[in-house]
Amino acid sequence: MRLLNKVALITGGNSGIGRATALLFAREGAKVAITGRDEMRGKLVVEEIRKASGTAIFIRSDVRIAKECRRAVDETLRQFGRLDILFNNAGVFYPRNVVDCPEEEWDLTIDINLKGTYLMSKFALPVMIAQGGGVIINNGSGWGITGGNEAASYCAAKGGVVLLTKAMAIDHGRQGIRVNCLCPGDVDTPMLRADAKLRGTEWAEYLSKASDRPLGRIGTPEEIARAALFLASDDSSFMTGAVMAVDGGGTAD
């Protein structure tokens, strides 16, 4: 019960890493608000949490839109009275280089992955400052540290998330707010499977490439969720501005 009596807001909480984190945070005692654009999937996650005797709500929200980000924070406060943890997790990925990337796709990637992190933090931070503290976790990527092939817009967005994390940590540390960046490697999520499909690669072939990594496999959403729990809890009380790679050794290779 490391998050007992805490309130967590998780963007993109209806799938993949966000879903696994919502389930784990609820098991650890947090009241959880999840956001996403797919209301049906979001309500299914809420139902899972409630069946396990947890507390959760779903807020339909698009992180690209300021008023919807503000509404997500306001609704969390209305339902639960406070906001202790923000996990900026919502993200998209398209496998293209700069030449092949349409401008609309570039804008979508930057808006969801980077602008969404800025907007959600913009509205959550005043609440946390007034409370005297809080935790923000930004979901970056190993490719926001090292770069990757055929992923120009994604690398640009996630690289921005990494440095935005450091800037926020510097600006708000004295206000009792810790801001850290979680950087997963390849994880078995719907987004990764969509990447394989877009690249025209069979899933089995895609998985075989994981043998090149030091741990020889891809990760699970639950493994990333446990890292998010560490960053959300007092176990990481002396960490801020950190970039934590959870990638099976991908950025070390």
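For the structure, check the block above.
First things first, this report covers the structure right here in the doc. Model, not experiment: these values are computed from the prediction. (Residues numbered from 1 in each chain as written. Predicted model: local features only at pLDDT ≥ 70, side-chain atom pairs only at ≥ 80, totals over all residues. Heavy atoms only, no water.)

### Digging into the layout of surface pockets
- Estimated volume of the second largest pocket: approximately 190 Å³.
- Split into classes, the residues belonging to the lining of the second largest pocket amount to four nonpolar, six polar and six charged. (1 Å grid on protein atoms, 1.4 Å probe; cavity = no way out; pocket = protein on both sides within 12 Å on 5 of 7 lines; lining within 4 Å. Points joined across faces, edges and corners; volume = space filled by probe spheres on them. Nonpolar A, V, L, I, M, F, W, Y, C, P; charged D, E, K, R; others polar.)

### Quick word on the environment of valine 92
- Summarising the element assignment, valine 92 is placed in the loop between strand E4 (85-88) and helix H4 (103-131).
- In this structure the C-alpha to C-alpha distance between valine 92 and threonine 21, which are 71 residues apart in sequence, comes to 18 Å.
- Residues in contact with valine 92, not counting those within four places in the same chain, are Arg37, Leu108, Thr109, Ile112, Asn113, Tyr154 and Met191. (Helix = DSSP H or I, 4+ residues; strand = E, 2+ residues; numbered from the N terminus. Contact = heavy atoms within 4.5 Å.)

### Re unusual backbone geometry
- In the Ramachandran plot, asparagine 5 falls in the positive-phi region, its phi being about 70° despite a non-glycine side chain.
- Among the structural elements, asparagine 5 can be located in the segment before strand E1 (7-10).
- Relative accessible area serves as the criterion here: at 55%, asparagine 5 is assigned to the exposed category.
- Of note in this structure, serine 53 is not a glycine but carries a positive phi near 70°.
- Position of serine 53 relative to the elements: it lies in the loop between helix H2 (39-51) and strand E3 (55-60). (Buried < 20%, exposed > 50% of the residue type's maximum accessible area, 1.4 Å probe, protein only.)

### Regarding the nonpolar core
- Ranked by internal contacts, the top residues of the largest apolar core, which has 32 residues, are Phe25, Val32, Ile34 and Leu182.
- In this structure valine 32 touches Ala8, Ile10, Ala22, Phe25, Ala26, Thr55, Ala56, Ile57 and Phe80, once residues within four positions along its chain are discounted. (Core = buried A, V, L, I, M, F, W, Y, C linked by side-chain atoms within 4.5 Å.)

### Topic: H2
- A rise of 1.5 Å per residue sets the reference length of H2, with its 13 residues, at 18 Å; its end C-alpha atoms lie 18 Å apart and thus fit the reference within 8%.
- What H2 keeps buried is the set Gly42, Val45, Val46 and Ile49. Summarising the axial view, the buried residues of H2 lie within an arc of 100°, below the 170-degree limit, and thus occupy one face. Exposed and oriented more than 90 degrees from the buried face of H2 are Met40 and Lys51.
- With a side-chain oxygen lying 3.2 Å from the backbone nitrogen of methionine 40, the N-terminal cap of H2 falls on aspartate 38. (Expected span 1.5 Å × (residues − 1). Arc of directions from axis to C-beta. Polar contact = N/O pair within 3.5 Å; in protein donor to acceptor, adjacent residues only side chain to side chain.)

### Structural notes on the packing of aromatic side chains
- One pass over the full model with this rule turns up two aromatic pairs.
- On the numbers, 4.7 Å between centres and 85° between planes, the contact of phenylalanine 93 with tyrosine 154 is edge-to-face. Residue phenylalanine 93 is found in the loop between E4 and H4, and its partner tyrosine 154 is found in helix H5 (residues 152-172); the two are separated by 61 residues along the sequence.
- Taking relative accessible area as the criterion, phenylalanine 93 reaches 11% and is therefore assigned buried.
- According to the relative accessible area criterion, tyrosine 154 is buried, its value standing at 9%.
- Members of the aromatic cluster, connected to one another through ring pairs, are Phe93, Trp143 and Tyr154. (Phe/Tyr/Trp six-rings, centres within 6.5 Å; stacked < 30°, edge-to-face > 60°.)

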